[in-house]
Amino acid sequence: MEDPVTEEVRKTAMDINETRIINTDKLCPASENCGGCLYQGVPYAEQYRQKDKAVRRLLAKHDIDEEVYLGMEPAICTGSYRNKMEYTFGDLEKGGELELGMHFRGRFMSILTTDECQLVPASFNTILRSVLEFCRLRGYRPYHRKTHEGLLRNLVLRCGVRTREILVNIVTSSSMAFDEEGFREMLLGLDLDMEIIGILHTFNDSVADAVIDESHKILYGRDYYNEEILGLKFKVKAFAFFQTNIDAVERLYSDVLKVVPDVSGKTVYDLYCGTGTISQLMASEAKDVYGIDIVEDSIIAARSNTELNGITNCHYICGDVKEKLDEIPEKPDVIVVDPPRAGIHDKAVAMLCRYEIDEIVYVSCNPKTLCINLDSFRANGYEIKSIKAYDNFPMTKHVECVCLLSLGSSAAAPA
């Protein structure tokens, strides 16, 4: 009989061989200096090995038994997988020519134009290049993060992978005029392999270096795009959270549904629910599903999507999980958490543990904060039953995980 470890290695090698490798013969021109990619030029099998090793090392650091680690699923595709990019306007050198793209590695104030990025659809690169030329010709200057002067801040592109729809959002200060009509006509005249269904102009005068919607105008079309995941339809608003790799997230969510305990006739909490994807996937069997998310656009989209899909037993609350849990009228039978990169606040962990339900499913986009949270869950009487990693973002350092927690038979009182 073949050794189980050998069988696991053999299966992983087969999975890696089935990964769609894209652009291995050409390095991105910005690869040496762009802060986005980490593994440009590294064969995918080696990328996988390094990321899997990093996860194992992190688990060991937190004294998590290696036996619960089920390994890492290789990438489905290594390129053109991102459906969202937030680009920044700036310059490479102080007072230099206008640039649009990513931060220069190690130089936060410098921006590098990235119009040949291999992680995005070709249409994104075409739009970026055209927007940059449009703004250069008009002499527009970038917003300066220290002096808080200037016009241009960000370009946000989002698309529906299944629907081939693109949403374009330019973010500026309100300090000076911007040629909205010319911008709209320029974009609509581009030859793209996707369809622009919405053009937005967002105003942001905040001193924070982030994309903030203080107000916005729709210059063309609508402020959302459509997407489909596992047979469900979703309207994704301009500022709502949504997974950035659709093929990979379909695999991830399918595995989450396998890990989630039987929800038939039960009350489910979907915390940090985003636009309600997991909620709606569980709704067909659950009695009721309650979702909480702090982003208002996400909750608006979640409510709209449940109506779009004819679902009546999903209920959504906008706000911070640790402040809104007590507003849910029913206690949970099943809990699924899918927090942002910062993880779950210790107060929220303690609140979840007080429900003393048998199992909690934790979907993580940051193994470091996952492990920190797992320390807290274990201190409150939960045991780690399994952890599986997913390389959903090849060329980058990012890894996602799905973890199943089980209440120990001799659980201590919640801390």
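Preceding this section is the structure that the text describes.
All figures in this text were calculated on a predicted structure; none of them were measured in a lab.

Draft legend 1. Spotlight on the packing of aromatic side chains. As enumerated under the stated definition, the model contains ten aromatic pairs in all. Ring plane angle 65° and centroid distance 5.3 Å describe the contact between Phe178 and Phe183, whose orientation is recorded as edge-to-face. Overall, the relative accessible area of 10% leaves Phe178 in the buried class. Arranged with centres 6.5 Å apart and planes meeting at 80°, the rings of Tyr362 and Phe377 form a pair that is edge-to-face. A residue pair is termed long-range when its members are at least 10 positions apart, and Tyr362 in strand 15 (residues 359–364) and Phe377 in helix 10 (residues 367–379) qualify at 15 residues. Look at Tyr362 and you get buried, because its relative accessible area is 0%.

Draft legend 2. Representation of unusual backbone geometry in the model. For Asp63, which is not glycine, the phi dihedral falls at a positive 55°. With respect to the element layout, Asp63 can be found in the loop between helix 2 (44–61) and strand 1 (69–73). Overall, Asp63 belongs to the exposed group, its relative accessible area being 67%. In this structure, Arg164 takes a positive phi of about 65° despite not being glycine. Take Arg164: it is sitting in the loop between strand 5 (152–160) and strand 6 (165–172).

Draft legend 3. Up close: the pairing of strand 11 (residues 267–271). Summarising burial for strand 11: five of the five residues are buried, a large majority. Here five bridges tie strand 11 to strand 12 (residues 288–293), and the two strands are oriented parallel to one another. Across the sheet, the residue bridging to Val268 is Val289, located in strand 12. Tracing the backbone out of strand 11, into helix 6 (residues 277–283) and back to the parallel element strand 12 gives a crossover that is right-handed.

Draft legend 4. How the structure looks around helix 2. An ideal rise of 1.5 Å per residue puts 26 Å on 18 residues; helix 2 measures up with 26 Å between its terminal C-alpha atoms. If you check which residues of helix 2 are buried, you get Tyr44, Gln47, Tyr48, Lys51, Asp52, Val55, Leu58 and Leu59. One side of helix 2 carries all its buried residues, which in axial view fall inside an arc of 120°. Exposed residues on helix 2 whose side chains face more than 90 degrees from its buried face are Arg57 and Lys61. Positive backbone phi, approximately 55°, marks Asp63, located one or two places after helix 2.

Draft legend 5. Representation of the environment of Tyr390 within the structure. Checked against the element boundaries, Tyr390 lands in strand 16 (residues 382–390). Given the relative accessible area of 1%, Tyr390 is considered buried. Sequence spacing of Tyr390 and Cys365 is 25 residues, and the spatial spacing of their C-alpha atoms is 9.4 Å. In contact with Tyr390, not counting residues within four places along its chain, are Met72, Glu73, Arg251, Leu252, Asp255, Val399, Glu400, Cys401 and Val402. A polar atom in the side chain of Tyr390 sits 2.6 Å from the side chain of Asp255.

Draft legend 6. Looking closely at the packing of helix 3 (residues 122–137) against helix 4 (residues 180–188). One can describe the packing of helix 3 onto helix 4 by two numbers: an axis separation of 11 Å at closest approach and a directional angle of 145°. At the point where helix 3 passes helix 4, the crossing takes the right-handed sense. Judged by residue contacts, Ile127, Ser130, Val131 and Phe134 of helix 3 engage Gly182, Phe183, Met186 and Leu187 from helix 4. Of the residues assigned to the contact of helix 3 with helix 4, the class counts are six nonpolar, two polar and no charged.

Analysis parameters
- Residues numbered from 1 in each chain as written.
- Predicted model: local features only at pLDDT ≥ 70, side-chain atom pairs only at ≥ 80, totals over all residues.
- Heavy atoms only, no water.
- Phe/Tyr/Trp six-rings, centres within 6.5 Å; stacked < 30°, edge-to-face > 60°.
- Buried < 20%, exposed > 50% of the residue type's maximum accessible area, 1.4 Å probe, protein only.
- Helix = DSSP H or I, 4+ residues; strand = E, 2+ residues; numbered from the N terminus.
- Pairing = 2+ DSSP bridges.
- Right-handed = clockwise from strand over helix to strand, strands pointing away.
- Expected span 1.5 Å × (residues − 1).
- Arc of directions from axis to C-beta.
- Contact = heavy atoms within 4.5 Å.
- Polar contact = N/O pair within 3.5 Å; in protein donor to acceptor, adjacent residues only side chain to side chain.
- Axes fitted to C-alpha atoms, helices over the stretch in contact; angles between N-to-C directions.
- Left-handed = near helix turned anticlockwise from the far one by under 90°.
- Nonpolar A, V, L, I, M, F, W, Y, C, P; charged D, E, K, R; others polar.

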